[in-house]
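Overview (structure and organization)
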Amino acid sequence: MFRLFRINKMLLNKSLNRLVAWRIAKIPEKNFLYLLSLIVGLLSGLAALLLKNLIHFVAEELTEVISVEGFNYLYLLYPFIGIMLTVLFVRYIIRDDIGHGVSKILYSISKKSSKLRPSKTYSSMIASSLTIGFGGSVGSEAPIVLTGASIGSNLARIFKLRYKYITLMVGCGAAGAIAGIFNAPMAGIVFTLEVLMLDLTMAFLIPLLISAVSATVISYFFMGEGVMLHFDQVTPFHINMIWIYILVGIFTGLLGIYFTRGTMFLEKRFGTINNWFVRVLIGAVTLGILIFIFPPLWGEGYTSINSVFNNQGADLLNNSIFFQWKDNPYIVLLVLAGILIFKVFAMSATTGSGGNGGIFAPTLFTGAIAGYFLVFLLNTFFDLGVPENNFALAGMAGMMAAVMHAPLTGIFLTAEITGGYGLFIPLLITSTVAYVTIMRFEPHSIYTKHLAQTGDLITHHKDKAILRSMEVKKLIENDFEIISPDASLRDLVKSISKSNRNLFPIVDEDGYLKGMVKLSKVKHLIFEHELYDQVMVKDLMFMPEFYISSKDNMETVAKKFETSNRYNLAVIDDGKYLGFISRAVVFSNYRKTLEYFSHD
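Residues numbered from 1 in each chain as written. Predicted model: local features only at pLDDT ≥ 70, side-chain atom pairs only at ≥ 80, totals over all residues. Heavy atoms only, no water.

Interaxial distance between helix H6 (residues 141-158) and helix H7 (residues 163-182) falls to 7 Å at its minimum, and their mutual angle equals 145°. In this structure, the crossing between H6 and H7 has a hand that is right-handed. Of H7, the residues touching H6 (which contributes Glu141, Ile144, Val145, Gly148, Ala149, Gly152, Ser153, Ala156 and Arg157) are Tyr165, Ile166, Met169, Val170, Gly173, Ala174, Ala177, Ile178, Ile181 and Phe182. (Axes fitted to C-alpha atoms, helices over the stretch in contact; angles between N-to-C directions. Helix = DSSP H or I, 4+ residues; strand = E, 2+ residues; numbered from the N terminus. Left-handed = near helix turned anticlockwise from the far one by under 90°. Contact = heavy atoms within 4.5 Å.)

Let us look at the sheet that holds strand S5 (residues 576-582). Spatially, S3-S4-S5 is the arrangement adopted by the 3 strands of the open sheet, whose pairing is mixed. Both outer strands of the open sheet, strand S3 (547-548) and S5, are each paired with one neighbouring strand and no more. Examined bridge by bridge, S3 and strand S4 (residues 568-573) share 2 bridges and lie parallel to one another. In the strand pairing of S4, Ile548 is matched with Val571. Against the sheet, helix H22 (residues 554-564) touches S3, S4 and S5, its axis set at about 130° to S4. (Pairing = 2+ DSSP bridges.)

Our next topic: the environment of His444. Checked against the element boundaries, His444 lands in the loop between helix H17 (424-439) and helix H18 (449-454). Assessed through its relative accessible area of 31%, His444 is described here as partly exposed. Linking His444 and His405, residues 39 residues apart in sequence, is a C-alpha distance of 7.5 Å. (Buried < 20%, exposed > 50% of the residue type's maximum accessible area, 1.4 Å probe, protein only.)

Summed over the entire model, instances satisfying the criterion amount to 7 salt bridges. We note a salt bridge from Asp508 to Lys514, for which the minimum N-O separation is 3.7 Å. Residue Glu545 pairs with Arg566 through a salt bridge whose shortest N-O separation is 3.9 Å. Here Glu545, found in the loop between helix H21 (519-522) and S3, pairs with Arg566, found in the loop between H22 and S4; they are 21 residues apart in sequence, far enough to count as distant. (Salt bridge = Lys/Arg side-chain N within 4 Å of Asp/Glu carboxyl O.)

On to the pairing of strand S2 (residues 513-518). Taken together, the 5 bridges between strand S1 (residues 503-507) and S2 define a ladder with antiparallel strand orientation. Among the inter-strand pairings, Leu503 is bridged to a residue of S2, identified as Lys518. From the end of S1 to the start of S2, which pair antiparallel, there are 5 residues, and Gly511 there has a positive phi angle of about 90°.

Below, the discussion takes up the side chain of Glu300. Relative to the helices and strands, Glu300 resides in the loop between helix H11 (276-293) and helix H12 (302-309). A distance of 2.7 Å separates the side chain of Glu300 from the side chain of Ser140, its partner in a polar contact. Not counting residues up to four positions away in its chain, the partners in contact with Glu300 are Lys52, Ile55, His56, Ile132, Gly136, Val138, Gly139, Ser140, Glu141, Ala361 and Phe365. (Polar contact = N/O pair within 3.5 Å; in protein donor to acceptor, adjacent residues only side chain to side chain.)

Summed over the entire model, instances satisfying the criterion amount to 17 aromatic pairs. Plain terms: the ring middles of Phe182 and Tyr302 are 6.4 Å apart, the flat faces sit at 80° to each other, and that makes the pair edge-to-face. Placement of the pair is Phe182 in helix H7 and Tyr302 in helix H12, with a sequence separation of 120 residues. Given the relative accessible area of 5%, Tyr302 is considered buried. Between Phe294 and Phe322, the aromatic rings sit 6.0 Å apart at their centres with planes inclined by 25°, giving stacked as the arrangement. Here Phe294, found in the loop between H11 and H12, pairs with Phe322, found in the loop between H12 and helix H13 (329-352); they are 28 residues apart in sequence, far enough to count as distant. The rings of Phe182, Phe191, Tyr302 and Phe360 are connected pair by pair, giving a single aromatic cluster. The residue whose ring lies beneath Lys343 is Phe365, and the NZ or CZ to ring-centre distance is 4.7 Å. (Phe/Tyr/Trp six-rings, centres within 6.5 Å; stacked < 30°, edge-to-face > 60°. Lys NZ or Arg CZ within 6 Å of the ring centre and 35° of its normal.)

Looking now at the pairing of S4. Taking burial as the measure, the 6 residues of S4 include 5 buried ones, the bulk of the element. Handedness of the β-α-β unit built from S3, H22 and S4 comes out right-handed. The pairing of S4 with S5 spans 6 bridges and is classified as antiparallel. Bridge pairing in S5 links Ala570 to Phe580. In this antiparallel pair of consecutive strands, S4 and S5, the connection spans 2 residues, and Asp574 shows a positive phi of 55°. (Right-handed = clockwise from strand over helix to strand, strands pointing away.)

Turning next to the nonpolar core. Phe182, Phe360, Leu364, Leu413 and Tyr447 are the most contacted members of the largest nonpolar core, which has 107 residues in total. Looking at this core, the element that brings in the most residues is helix H14 (residues 360-382), giving 13 residues. Judged by nonpolar contacts, the second largest core, of 23 residues, contains Leu33, Phe159, Cys172 and Leu208. (Core = buried A, V, L, I, M, F, W, Y, C linked by side-chain atoms within 4.5 Å.)

Attention now moves to unusual backbone geometry. Even without glycine at this site, Lys160 takes up a positive phi of about 60°. With respect to the helices, strands and loops of the structure, Lys160 is situated in the loop between H6 and H7.

Attention now goes to the confidence of the model for the chain. Scored by pLDDT, the chain has a mean of 83; 86% of the residues are at 70 or more. Scored below 50 in pLDDT, residues 66-71 makes 14 contacts in the model with residues more than four places away or belonging to other chains. (pLDDT = per-residue confidence, 0-100.)

The buried count for helix H16 (residues 407-417) comes to 10 of 11 residues, which makes it a mostly enclosed element. Among all positions of H16, only Pro407, Thr409, Gly410, Ile411, Phe412, Leu413, Thr414, Ala415, Glu416 and Ile417 are buried.

As structure tokens, this is what we get:
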């Protein structure tokens, strides 16, 4: 059986190699990228369609027995079942970490040459459908984005594409996933450029467009207008409402700080629980209790968003212990405030205990509730009479700008789901204010904060990406004449005559660096023949003030060159001499790597 498997695998590899050779010979690279981006977009759109329908099928089957007018104890049970099934699937079938999809993509681009495991094309879809379908308070967008990115990465690798084109296909998969979910091709493209930080060049933009549009076509073909969010009732923007949009921007910016820090703190606390079953039990019980008290915390929350879009915020009290007070605006405000506070707890309990899902939908949910809550509060106490649903839209854009540091994604996504750009100016105002507000406190988004803390975030800094891809060991030069510390001036002169270098390392028989001699410091002695046997090298050598280790990264090397103003740095590991690194070689290698990374 095993032999048959090996034979089939060899035949498959031969067939793929023939296909790759035919592609290289017959199809120009640019045309092939366009074709591949179309395929990636179609597959990403289908993946989005499949996962969304699977989640909704599971959720509808589970919730159709729950009465609107009361609460139901099934809310306490379902989350435990979903998270437990997810954990068992991940631990015993996938055996891989599939959490936080967008962060996984950023890490793969930064540290793994954009390579994603083939299993990620399906693992996150299955895991998130189990988690969210049973009420996990997270979103399916990140798992779908990870699926699309994995499709792009693996197809690009099958066809032996270079790193920059693998990265391009990763971006195409992400753009197609977002576009397919929301019927929003511009939001998909902007999300990829803004969150994944791919270069905005025509070589990248056209494939991203193809992928996003093809995924949107798939979504329209199968779902029509039946996407997650769609809103046509936009009240025209009036200039006298600007101050409220600014207020929403400040509020969502500050709420974004709580959202980001609270999520990371709570997930870290869950990570300290070593026993996985105890972790699942605590998380599921916490989530079940929160959903029991606040049913809108169930699942992704798009039903609740549509309620506030239709100015039916009081319907958020359905299925809850607060149902009998849904006509009391003060109780509604208290419930909305509770939802805003505890959404972070519900989301963290889901992911921290082992559930799978992302923060995209929770961000949209929190933003919509925040905008609606703030204006409902103003209308209740000051009788302003302004439309709450407009500000729910603005709140979504503001939260995306704050939590994901993606103001343009928030603007275009929110504009596209309304079917027009009637609120473009207020969305722009709210997103900008929210982004400026949070940047004062959080320089990194929730996607990048942990990666930045561990030094693994290089997608947002091309210079750092290039330096990180260079290895010290590969740049070490060994063509320096090594001299013993017991050598005389005569020996040094002989070494000088044979060397093309002006530095001479003094190394003992065990390989330890004892010092070095610089030609410019001893050239006046070269013609002093009577001193050849009297002056010893150990009297001329000095220990270098600046040196590096082969274990240092290139950022450290670059800083050493800058601060020392040296043209060569000795490489020493635990006192042992390995060679030198020269500024010229580093610069040359940097230029070559820059060409490899550039997307022209």
